[in-house]
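If you want the building blocks of each chain, they are given just below.
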Amino acid sequence: MPLDLHLQLGDPVTHRGITVTPLFPRRTPAADYLTLDAALDQGLVVGEISDQASVAQLLVHNPLPRSVLLYDGEQLIGAKQDRIMNVTVLVAAGVDTRIPVSCVEAGRWEHRSRSFAAAPQAANPDLRHRKALRLEHDSLALGAAQAEVWQAVDEKAARLRVDSPTRAVSDIFASRHNHLEELRGAFPLEPGQSGALLALPGGGLCLDYVSRPEAYARLHPKLLQGYLLDGIEALDGAPVPADRIDRFLRDLSAASSIEQPSVGLGADLRLRAGDTVGSGLTLAGELVQLSAYAV
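Here we summarise the structure given alongside this text. (Residues numbered from 1 in each chain as written. Predicted model: local features only at pLDDT ≥ 70, side-chain atom pairs only at ≥ 80, totals over all residues. Heavy atoms only, no water.)

1. Observations regarding the overall build of the chain
Moving on, step 1. When you go through the chain residue by residue, the secondary structure sums to seven helices and 18 strands.
Moving on, step 2. Overall size of the chain, expressed as C-alpha extent along the three principal axes, is 50 × 45 × 35 Å.
Moving on, step 3. Counting every position in the chain, which comprises 295 residues, the buried fraction comes to 57%.
Moving on, step 4. Put simply, the chain shows about 11,700 Å² of open surface, and 51% of that area lies on carbon and sulfur atoms.
Moving on, step 5. Here the chain carries 28 positive and 36 negative side-chain charges, and the mean point of each set is 2 Å from the other. (Helix = DSSP H or I, 4+ residues; strand = E, 2+ residues; numbered from the N terminus. Buried < 20%, exposed > 50% of the residue type's maximum accessible area, 1.4 Å probe, protein only. Areas by Shrake-Rupley, 256 points an atom, 1.4 Å probe, with all protein chains shown as cover. Lys, Arg positive; Asp, Glu negative; His and termini not counted. Charge placed at Lys NZ, Arg CZ, Asp CG, Glu CD.)

2. A closer look at empty space enclosed by the protein
Moving on, step 1. Using the criterion set out here, one finds one cavity of 30 Å³ or more in the structure.
Moving on, step 2. There is about 70 Å³ of room inside the largest cavity.
Moving on, step 3. In this structure, the largest cavity is lined by Val13, Val20, Thr21, Pro22, Phe187, Pro188, Glu190, Gln193 and His220.
Moving on, step 4. Tallied by class, residues from the lining of the largest cavity come to five nonpolar, three polar and one charged. (1 Å grid on protein atoms, 1.4 Å probe; cavity = no way out; pocket = protein on both sides within 12 Å on 5 of 7 lines; lining within 4 Å. Points joined across faces, edges and corners; volume = space filled by probe spheres on them. Nonpolar A, V, L, I, M, F, W, Y, C, P; charged D, E, K, R; others polar.)

3. A short note on the pairing of strand E18 (residues 286-294)
Side-chain positions along a regular strand alternate between the two faces of the sheet.
Moving on, step 1. When you tally the buried positions in E18, you get nine out of nine residues, the bulk of the element.
Moving on, step 2. By the bridge criterion, six bridges tie strand E14 (residues 205-210) to E18 in an arrangement that is antiparallel. Among the inter-strand pairings, valine 210 is bridged to a residue of E18, identified as glutamine 289.
Moving on, step 3. Where strand E17 (residues 276-283) meets E18, seven bridges bridge the pair, whose relative direction is antiparallel. By the bridge assignment for E18, glycine 280 is matched with leucine 290.
Moving on, step 4. Linking E17 to E18, which pair antiparallel, is a turn of two residues; within it alanine 284 sits at a positive phi near 55°. (Pairing = 2+ DSSP bridges.)

4. Examining the side chain of arginine 212
Moving on, step 1. For arginine 212, the position within the fold is in the loop between E14 and helix H6 (213-231).
Moving on, step 2. Relative accessible area serves as the criterion here: at 15%, arginine 212 is assigned to the buried category.
Moving on, step 3. When residues no more than four places from it in sequence are discounted, the contact partners of arginine 212 are Pro29, Ala30, Ala31, Asp32, Tyr33 and Ser194. (Contact = heavy atoms within 4.5 Å.)

5. Some details on the sheet that holds strand E4 (residues 34-35)
Moving on, step 1. Pairing in this open sheet of three strands is mixed, and the strands run E4-E7-E10 from one edge to the other. With partners counted over all chains shown, the strands left at the sheet margins are E4 and strand E10 (89-91), one partner each.
Moving on, step 2. Across three bridges, strand E7 (residues 68-70) lies against E10 in antiparallel orientation. Paired with leucine 69 across the strands is leucine 90, a residue of E10.

6. A short note on the packing of helix H2 (residues 125-134) against helix H3 (residues 146-159)
Moving on, step 1. Between H2 and H3, the least distance of the axes is 9 Å, while the angle of their chain directions is 155°. As far as their axial angle goes, H3 and H2 are roughly antiparallel. Of the two possible hands of crossing, H2 and H3 adopt the one that is right-handed. Residue-level inspection shows Asp126, Leu127, Arg130, Lys131 and Arg134 of H2 in contact with H3, the latter providing Glu148, Val149, Gln151, Ala152, Val153, Glu155 and Arg159.
Moving on, step 2. Considered class by class, the residues forming the contact of H2 with H3 number four nonpolar, one polar and seven charged. (Axes fitted to C-alpha atoms, helices over the stretch in contact; angles between N-to-C directions. Parallel < 35°, antiparallel > 145°, perpendicular 65-115°, else oblique. Left-handed = near helix turned anticlockwise from the far one by under 90°.)

7. A few points about H3
Moving on, step 1. In this model H3 runs 20 Å from its N-terminal to its C-terminal C-alpha over 14 residues, within 8% of the 20 Å that 1.5 Å per residue would give.
Moving on, step 2. For H3, every residue scored as buried is listed here: Gln146, Glu148, Val149, Ala152, Val153, Lys156 and Ala157.
Moving on, step 3. Each element contacted by the buried residues of H3 is listed here: strand E9 (83-85), strand E11 (96-103), H2, helix H4 (169-175) and H6.
Moving on, step 4. Arginine 161 lies just past H3 and shows a positive phi near 55°. (Expected span 1.5 Å × (residues − 1).)

8. A closer look at the pattern of salt bridges
Note that side chains of opposite charge can pair when their charged atoms are close.
Moving on, step 1. Using the criterion set out here, one finds 24 salt bridges in the structure.
Moving on, step 2. The salt bridge involving aspartate 51 is made with arginine 114; its shortest N-O contact spans 3.5 Å. Separated by 63 residues along the polypeptide, aspartate 51 in the loop between strand E5 (45-48) and strand E6 (57-61) and arginine 114 in the loop between E11 and strand E12 (116-122) bring together distant segments of the chain.
Moving on, step 3. The partner of glutamate 105 in a salt bridge is arginine 112, with the nearest N and O atoms 3.4 Å apart.
Moving on, step 4. Accessibility expressed as a relative area gives 1% for glutamate 105, which makes it buried.
Moving on, step 5. On the accessibility criterion, arginine 112 (56% relative accessible area) is exposed.
Moving on, step 6. If you follow the salt bridges from partner to partner, you end up with Asp126, Arg130, Arg134, Glu148 and Glu155 in one network. (Salt bridge = Lys/Arg side-chain N within 4 Å of Asp/Glu carboxyl O.)

The analysis is restricted to geometry; functional conclusions fall outside its scope.
Encoded structure:
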């Protein structure tokens, strides 16, 4: 059935061909949760599942009295190798949960720390889009997107001429730190903002949304870093026409949706309409998180 997005678009901001439009919720959120960064500060622990570890799974220990939202594409650094979230997971209060992940550091398999820290960036939209396509028909399949993720990281490093000893996506971000910092000031967080719609010269589109503005405020800098890592490859191109963005939103609103039980609370959501593919999380009928992409 089509998904009712309940989103309000703000005023688009265009800088050097990159357009970012803030999104605002039209409903008061019901689901209560912390973000990864906030929860780590309060005692959440993300680690390998055992001493032997598994590339495709991590263990989240949540001793807190609140649920924790781990966002699709968020990056975890440390332990035996850096990973990104394959899907959005809402980890219940007071439980341990195994989460599906992909490696974004193919050249390391040794402990740097016993647990993970949160990276200052999320995976770039191109990587997340390719991962979503691989997981479209079985979103929770362990390892199903790994080869595609490694290829996306390697191709990005090659295009940006980054030589990483461990083939880490973090090294790609670090290599362009100053450039990204110069660009990010053009796209500030708006009060009450709960998501963003990215449009890159050449037609790449990405939408990110969470139900709670205070959660998005924590995620905005991470997601923006990912947006701009793709954006620096298309700077000063012609901005995407407004009618293309409108068509993307119409396709997304009309997309057929499929839900299956998540590894945490709620249901994992998959969307498809033409060249638009999306994923997200619902809980008790509420859209808690959504990411969508089109080329």
